[in-house]
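Remarks on the overall topology
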Amino acid sequence: MPFLLNPNMSNEGEGMLEHLTKKYGPSAAERFHDPDSPLKVMGRKVGIEFNNDRKVVDTKKAHALMEYIKEQCGNDKANQFMEDLFHAYLEEGKDINDETLLVETAVRNTNDNGISADDARRAMGPDHVKQILIQDRQNKYKYGVSGVPFFMIHPNNNDDDNSRPVAFSGAYPVEVIAEQLQEAAGEN
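Anyway, here's the lowdown on the structure attached to this text. (Residues numbered from 1 in each chain as written. Predicted model: local features only at pLDDT ≥ 70, side-chain atom pairs only at ≥ 80, totals over all residues. Heavy atoms only, no water.)

What to know about the pattern of salt bridges
The condition is simple: What counts as a salt bridge is simple: a side-chain nitrogen of Lys or Arg found within 4 Å of a carboxyl oxygen of Asp or Glu. Comment: elements are numbered from the N terminus, with helices defined as DSSP H or I runs of at least four residues and strands as E runs of at least two. A 1.4 Å probe rolled over the protein chains alone gives each residue an accessible area, and that area as a share of the maximum for its type sets the label: buried under 20%, exposed over 50%, partly exposed in between.
Across all of its chains, the model carries 10 salt bridges by this definition. Arg121 is the salt-bridge partner of Asp118, the closest N and O atoms lying 3.4 Å from each other. Here the residue Asp118 and the residue Arg121 both occupy positions in helix H7 (residues 117-123), the gap between them amounting to three residues, near one helical turn. Judged by its relative accessible area of 47%, Asp118 is partly exposed. Residue Asp119 is joined to Arg122 by a salt bridge in which the shortest nitrogen-to-oxygen separation is 2.7 Å. Highlighted residues: Asp119 and Arg122, both in helix H7, separated by three residues, approximately one helical turn. Using a relative accessible area of 16% as the deciding quantity, one classes Asp119 as buried. Classification of Arg122 as exposed rests on a relative accessible area of 53%.

Following this line, the structure appears as structure tokens:
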């Protein structure tokens, strides 16, 4: 399910520091440069060294391509594609709106499923990007998505096709997430 953090971002993007300062105020600049900020500490714990020299960019093409890979190759290939993009963006500071990077990453991750560079380019075409924008708006409205992380857990109940997923937004303690998982599993 696509979720666009900055759906109105220009193709050129903007510097991370500039973006954070506009969005969150001057104190964001202080935290941005702090090597011991909570985000950077948590990142290091899971092997991520954030690159401060990156831009906030439009991600509609990346989302459209990821959805295409999911349709053609399944969730595992789409997840690997996203992991590679996260690494390229967060750690290497690459522009994940760059079509060459997106095509190369898609082809590399799906080579055994036959997605060609032309397939990848078509998946990022205007019709697919428009569909991503529509899905983004529909999902935000339907599920009340207001930010990330956003969790949607489908109940473990095969008898009831009308059951709604358990959904919540935000970074919660492990105990809260465990309660939501139990609810979705029908254990509450």
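Now that the structure is up, let's keep going.
Things to note about the nonpolar core
Filter applied, for reference: What makes a nonpolar core is a set of buried Ala, Val, Leu, Ile, Met, Phe, Trp, Tyr and Cys residues whose side-chain atoms join them at distances within 4.5 Å.
Of all hydrophobic cores here, the largest spans 28 residues; its most connected members are Leu65, Ile69, Phe81, Leu85 and Leu102. Contributions of two or more residues to this core are made by helix H1 (16-24), helix H2 (27-33), helix H4 (60-73), helix H5 (75-91), helix H6 (99-110) and H7.

Remarks on the side chain of Arg54
Threshold: The charge count treats Lys and Arg as positive and Asp and Glu as negative. His and the chain ends do not count. As used in this structure description, the phrase polar contact means that two N or O atoms lie within 3.5 Å; if the pair is within protein, one of them must be able to donate a hydrogen and the other to accept it, and residues adjacent in sequence are counted only when both atoms belong to side chains. In this description, contact between two residues means that some pair of their heavy atoms is separated by no more than 4.5 Å.
Position of Arg54 relative to the elements: it lies in the loop between helix H3 (38-45) and strand E2 (55-56). Of the side chains bearing the opposite charge, Asp53 lies closest to the buried Arg54, which forms no salt bridge; the N-O distance is 9.2 Å. Engagement of the side chain of Arg54 in a polar contact is seen with the backbone oxygen of Asn51, the distance being 2.6 Å. Setting aside chain neighbours within four positions, we find Arg54 in contact with Gly15, Met16, Tyr89, Leu90 and Gly93.

Topic: the side chain of Lys40
Residue placement: Lys40 occurs in helix H3. Discounting chain neighbours no more than four positions away, the residues touching Lys40 are Phe32, His33, Asp34, Pro35, Phe50 and Asn52.

Digging into H1
Applied cut-off: Here the arc refers to the directions that run from the helix axis out to each C-beta atom.
When we look at burial in H1, the residues that qualify are Met16, His19 and Leu20. Seen end-on, H1 carries its buried residues on one side only, within an arc spanning 95°. Structurally, H1 contributes buried residues whose contacts are with strand E1 (14-15), H2, E2 and H5. Two residues or fewer past H1, Gly25 is found with a positive phi of approximately 100°.

Notes on the packing of H4 against helix H8 (residues 126-143)
How we decide: Comment: axis = line fitted to C-alpha atoms, over the contacting stretch for helices; angle = value between 0 and 180 degrees taken between N-to-C directions. What sets the label is the angle itself: under 35 degrees gives roughly parallel, over 145 gives roughly antiparallel, 65 to 115 gives roughly perpendicular, and the rest give oblique. Following the grouping adopted for this structure description, the nonpolar residues are Ala, Val, Leu, Ile, Met, Phe, Trp, Tyr, Cys and Pro, the charged ones are Asp, Glu, Lys and Arg, and the polar ones are all others, Gly among them.
Across the interface, H4 lies against H8 with an axial gap of 9 Å and an inter-helix angle of 95°. It follows that H4 is roughly perpendicular to H8 by the angle criterion. Contacts between H4 and H8 pair Lys60, Lys61, His63, Ala64 and Glu67 from the former with His128, Val129, Ile132, Leu133 and Gln135 from the latter. Considered class by class, the residues forming the contact of H4 with H8 number four nonpolar, three polar and three charged.

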